[in-house]
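The primary structure of each chain is shown beneath.
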Amino acid sequence: MNPSTINTLFTGKFLIQLKEISSTNTFLKDWLSNNKPIDGLVIMADKQSKGKGQSGNSWQAEAEKNLTFSVLFLTGFLKVTEQFLLSMATCLSVYELLCEKVKDKKIEIKWPNDVMIDRKKVCGILIENSIQGSTVLTSIIGIGLNVNQENFPGLTTASSMILNGYQGNVEETCIRLLEILEKNYLFLKSGQYEKIHQRYLQVLLGLNEELLFSDSLSSFKGSIQNVEKDGQLTIKTDDGTRKFYHKEVRFISL
Ligand code: BTN
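About the cut-offs
- Within every chain, residues take consecutive numbers counted from 1 along the sequence as written.
- Residue-level local features of this predicted model are given only where pLDDT is at least 70; pairs of side-chain atoms are given and counted only at 80 or more, and the full residue set underlies all totals for whole chains, interfaces and linings.
- Note that water and hydrogens are dropped before the side-chain values are worked out from all heavy atoms of the structure.
- For the purposes of this entry, the term helix denotes a DSSP run of H or I that reaches at least four residues, the term strand denotes a run of E that reaches at least two, and both are numbered from the N terminus.
- We call two residues contacting when some pair of their heavy atoms lies within 4.5 Å.
- Exposure was quantified through the Shrake-Rupley algorithm and a 1.4 Å probe, taking into account, for residues, occlusion by the shown protein chains and nothing else.
- Classification of residues uses two cut-offs on accessible area relative to the type maximum, computed with a 1.4 Å probe and protein chains only: under 20% is buried, over 50% is exposed, and between them is partly exposed.
- For this document, the term salt bridge refers to a Lys or Arg side-chain nitrogen within 4 Å of an Asp or Glu carboxyl oxygen.
- Given a helix with a known number of residues, its expected span is that number minus one, times 1.5 Å.
- By the criterion applied in these results, polar contacts are pairs of N or O atoms within 3.5 Å in which, for protein atoms, one can donate a hydrogen and the other can accept it, and in which residues neighboring in sequence qualify only through two side-chain atoms.

Peer 1: Report on the overall build of the protein chain, specifying residues and quantitative values.
Peer 2: When you go through the protein chain residue by residue, the secondary structure sums to 4 helices and 12 strands. With the C-alpha coordinates of the protein chain rotated into their principal frame, the extents come out at 55 × 45 × 30 Å. A sequence separation of at least 24 residues applies to 64% of the contacts in the protein chain between residues at least 6 apart. If you sum the accessible surface of the protein chain, you get close to 11,900 Å²; carbon and sulfur atoms cover 47% of it.

Here you go:
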């Protein structure tokens, strides 16, 4: 991929493209410990042998058919208490990309940061921040987007862009996503926190809809009322309104 074809100010202008690596997030973290940080640096891989997912899970993606990359942003403007807004801005970027490329399908963000088409997951995001005091110094944004993979053996809840009618290649998908991501990142940097928060809520899966959840103790019915700026999910249940951080609750029905 040629960086000059990406219509951004800085995102993807420094680009490291690898055939195979364990994980682009891990590579970028190691790179950072030996180099001066570059805002908007992108690490892409055709294949990850040890792709990392949320909660210590692995991320599986067929080589060359999907987008697996990490972007470094220098986020010194962002307070630790505001870090979930970067997650929201990233989800919204993938959401916008899918709205451009996939027609007549329901595209939604599933809390905290999955992007879904017709309630199946097509994108996972793993953000790893480095914190100093109350500030987020750097953020590694890892994105795994299923583009041209057609089979997901054993995974009934996964899907891809091609399975939803998209006909395009991984490279053009990546270029467009980097452009949208930079636009939303700059929007965040300019302090538009409220707008990002509202847009995220507008496209949130399950808002005001009765769904089945479970916490560490039991399953329960409830409807999502809000996601707060710090990322907490608010669910209205028969026992009152309850709030959860990531990993404290999971969706049972979608
Ligand atoms: C999830 O579990 O939903 C998050 C998946 C994140 C996967 C991406 S692929 C590129 C980057 N490198 C990794 O090792 N993980 C992220």
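Peer 1: Give a description of the side chain of asparagine 164 that names residues and reports values.
Peer 2: Mapped onto the fold, asparagine 164 is located in the loop between strand S7 (135-145) and helix H3 (170-189). Look at asparagine 164 and you get buried, because its relative accessible area is 8%. If near-sequence neighbours (up to four positions away) are discounted, asparagine 164 is found in contact with Val102, Lys105, Ile117, Asp118 and Ser159.

Peer 1: Mind laying out the pattern of salt bridges, listing which residues take part and the relevant values?
Peer 2: All told, the structure shown has 14 salt bridges when counted by the stated rule. Salt-bridge contacts for lysine 183 lead to glutamate 96; the nearest nitrogen and oxygen are separated by 2.6 Å. Linking lysine 183 in helix H3 with glutamate 96 in helix H2 (residues 84-101), this pair joins segments that are 87 residues apart in sequence. The closest approach of N and O atoms between glutamate 209 and arginine 119, which form a salt bridge, is 2.9 Å. One end of the pair, glutamate 209, is in the loop between helix H4 (193-202) and strand S8 (210-214); the other, arginine 119, is in the loop between strand S5 (114-117) and strand S6 (120-132), with 90 residues separating them in the sequence. The exposure class assigned to glutamate 209 is partly exposed, which follows from its relative accessible area of 29%. For arginine 119, a relative accessible area of 22% corresponds to the partly exposed category. Several salt bridges share partner residues, and in doing so they unite Lys29, Lys52 and Glu128 into one network.

Peer 1: With reference to specific residues and values, describe H3.
Peer 2: The α-helix winds at 3.6 residues per turn, so residues separated by three or four positions along the chain end up facing the same way. In this model H3 runs 28 Å from its N-terminal to its C-terminal C-alpha over 20 residues, within 8% of the 28 Å that 1.5 Å per residue would give. Looking at where H3 begins, the residue whose side-chain oxygen comes 3.2 Å from the main-chain nitrogen of glutamate 171 is asparagine 169. Remark: glycine 191 follows H3 within two positions and exhibits a positive phi of approximately 95°.

Peer 1: Tell me what's going on with unusual backbone geometry, and back it up with residues and numbers.
Peer 2: Each neighbour pair has its own omega, and for tryptophan 111 with proline 112 the value is 0°, a cis peptide bond. Inspection of the secondary structure assignment puts proline 112 in the loop between strand S4 (107-110) and S5. We note that arginine 119 has phi near 70°; this positive angle belongs to a residue other than glycine.

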